[in-house]
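So you can see what is in the structure, the chains are spelled out below.
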Amino acid sequence: MAEDNFFERVYAIARQIPYGKVTSYGAIAKALGTARSARMVGWAMNACHNMDDVPAHRVVNRKGLLTGKHHFDGTHLMQQLLESEGIKVIDNQIIDFEKHFWQPEIEL
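Just so you know, the residues in each chain are numbered from 1, in the order the chain's sequence is written. Per-residue local features of the predicted model are confined to residues with pLDDT of at least 70, and side-chain atom pairs are confined, for both listing and counting, to 80 or more; whole-chain, interface and lining totals are unaffected and use all residues. To obtain the side-chain values, all non-hydrogen atoms of the structure were included, while hydrogens and water were left out.

An unreviewed UniProt entry annotates the protein as MGMT family protein originating from Flavobacterium lipolyticum.

Pasting the structure below:
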């Protein structure tokens, strides 16, 4: 599978994440049928920083940590974007992660 095609499939799922919800790199990878490619999903999210239509701030690690925050301009932009959607973050950790978690549908 071509990397560009994989990244586009990641972005297609990321664009579906509802306002006020988050998902994980692994959940996106699993939805794509490539459960072991969470790191590649992370690379895709890192590569989309100039794509305003991809809500990369809504993709976090499996424990609800803002591991991608250093890819955002400004020191706390990822946290500010999430908080503007009603998601509380303390010490880079989403509070009530399970309540805010969105599970992408598996692609067939």
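Runs of E in the DSSP output that reach at least two residues are strands. Runs of H or I that reach at least four are helices, and both are numbered from the N terminus. Assigned secondary structure in the protein consists of 5 helices and 4 strands. In the protein, the succession of helices and strands from N to C terminus is α-β-α-α-β-α-β-β-α. Our radius of gyration is a C-alpha quantity, and the globule rule it is checked against amounts to 2.2 Å times the number of residues to the power 0.38. Here the C-alpha atoms of the protein give a radius of gyration of 13 Å, agreeing with the 13 Å that 2.2 N^0.38 yields for 108 residues. For the protein, restricting intrachain contacts to residue pairs at least 6 apart in sequence, the fraction spanning at least 24 positions comes to 66%. Surface accessibility in these figures is a Shrake-Rupley result with a 1.4 Å probe; residues are shielded only by whichever protein chains are displayed. On the protein, roughly 6,400 Å² of surface is accessible, and the fraction owed to carbon and sulfur atoms is 50%. His is not counted here, nor are the chain ends, while Lys and Arg score as positive and Asp and Glu score as negative. By convention, charge coordinates are those of NZ in Lys, CZ in Arg, CG in Asp, or CD in Glu. Averaging the locations of the 12 positively and 13 negatively charged side chains of the protein gives two centres separated by 8 Å. We call two residues in contact whenever any of their non-hydrogen atoms come within 4.5 Å of each other.

Take the pattern of salt bridges next. Each salt bridge in this description consists of a side-chain nitrogen of Lys or Arg and a carboxyl oxygen of Asp or Glu lying within 4 Å of one another. The final tally for this structure, using the stated rule, is 2 salt bridges. In this structure, Asp 53 engages Arg 15 in a salt bridge whose closest nitrogen and oxygen atoms are separated by 2.8 Å. Remark: Arg 15 occurs in the loop between helix H1 (3–14) and strand E1 (23–24) and Asp 53 occurs in the loop between helix H3 (38–47) and strand E2 (59–60); sequence separation between them is 38 residues. Classification of residues uses two cut-offs on accessible area relative to the type maximum, computed with a 1.4 Å probe and protein chains only: under 20% is buried, over 50% is exposed, and between them is partly exposed. Since its relative accessible area comes to 34%, Arg 15 is described here as partly exposed.

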